[in-house]
Amino acid sequence: MFDLPLPIQPSPRPMGPGTNGGTVASDPSLPFALTRMHRTPAALMSGTAAPVVVERFATLADAMQGAFELAEGSGSDAAPQLLAILDYDQRLVLAGAASDCAVAWCHPVTSAAEARGVVTEASQLRAQAGRAATWGEPDLAAQLRHRADLLDARLVDPLWRAFAAWALQVAA
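Before going into details, it helps to say that this report is about the structure given with it. Here the structure is a predicted model, which is why all the values come from computation and not from measurement.

## Digging into the overall build of the protein chain
1) Next: If you tally the helices and strands in the protein chain, you get five helices and five strands.
2) Next: Burial analysis of the protein chain (172 residues in total) assigns 37% to the buried set.
3) Next: Within the structure as shown, the protein chain displays about 9,400 Å² of accessible surface, and the carbon and sulfur contribution to it stands at 58%.

Shown next, in the form of C-alpha cells:
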C-alpha cells in the first residue's frame, strides 16, 4: 500500500470517462480511488455533492498517473476540476486541480494547527463567496469558492500527511 515505484510508467489501460460519458469499470477492492467533485447545482443544494469515483488503483503512484492521464484527456480549454485520491476508508490522501493537461497537487497541511487555519480561511472565503453571489457577482463567487476548495484540498488525513508530502517531493 505504501509503495511508490519509480519512475512512474504510463498505464496501458484507458483512463477517464469513456466515450459514452460513463466511468471506466474498476475493481472495488483496489485501495486508492481517483475521484472528481460532483458540483452540479442540484447536488450542491441537496448536500449530495460527494466525489465521483473515476477509477481505482493499486498504488498511489498509479492513482497520480491516472490523474495526469485524466487531465490530458480533458484538453487545455476545459475548466479546472478538483481531483482527489481517497484510500479504501474514504480518507483524503492527495488532492489537486487538473487543468491545461496537468495536475497541480495541493501540498498537505503539516499539523493540526495549520489545518485549523486552513479551515478558518476556507470558511471565510465561502462567506465572501456568498456575499458576492448576493451582490450579483457570480464570477467572483465562483473564484472564491474555487480558492476555498483548493484550501480544503490541503486537508489530507493525518495518516497520509507525511507520505503525501514525500510523494510530492519524489514526483517533483
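## Description of the sheet that holds strand β2 (residues 52-57)
1) Next: With antiparallel pairing, five strands are arranged side by side in an open sheet as β2-β1-β3-β4-β5. At either end of the open sheet lies a strand with only one pairing partner, and these are β2 and β5 (102-105). Pairwise comparison of adjacent strand axes, ignoring direction, gives a mean angle of 30° for this sheet.
2) Next: The sheet contact formed by strand β4 (residues 92-99) and β5 spans four bridges and is antiparallel. Following the sheet pairing, alanine 98 is matched in β5 by valine 103.

## Side note on unusual backbone geometry
1) Next: A positive phi angle, near 65°, is found at glutamine 90, a position not held by glycine.
2) Next: For glutamine 90, the position within the fold is in the loop between β3 (81-86) and β4.
3) Next: Residue glutamine 90 is classed as exposed on the basis of its relative accessible area of 52%.

## Here's the deal with the packing of helix α3 (residues 112-134) against helix α4 (residues 138-152)
1) Next: Remark: α3 packs on α4, axes separated minimally by 8 Å, with the N-to-C direction vectors making an angle of 165°. What the angle tells us is that α3 and α4 run roughly antiparallel. Taken as a pair, α3 and α4 cross one another with a handedness that is left-handed. Mapping the contact onto sequence places Val118, Glu121, Ala122, Leu125, Arg126, Gln128, Ala129, Ala132 and Ala133 in α3 and Leu140, Ala141, Leu144, Arg145, Arg147, Ala148, Asp149, Leu151 and Asp152 in α4.

Analysis parameters
Residues numbered from 1 in each chain as written. Predicted model: local features only at pLDDT ≥ 70, side-chain atom pairs only at ≥ 80, totals over all residues. Heavy atoms only, no water. Helix = DSSP H or I, 4+ residues; strand = E, 2+ residues; numbered from the N terminus. Buried < 20%, exposed > 50% of the residue type's maximum accessible area, 1.4 Å probe, protein only. Areas by Shrake-Rupley, 256 points an atom, 1.4 Å probe, with all protein chains shown as cover. Pairing = 2+ DSSP bridges. Axes fitted to C-alpha atoms, helices over the stretch in contact; angles between N-to-C directions. Parallel < 35°, antiparallel > 145°, perpendicular 65-115°, else oblique. Left-handed = near helix turned anticlockwise from the far one by under 90°. Contact = heavy atoms within 4.5 Å.

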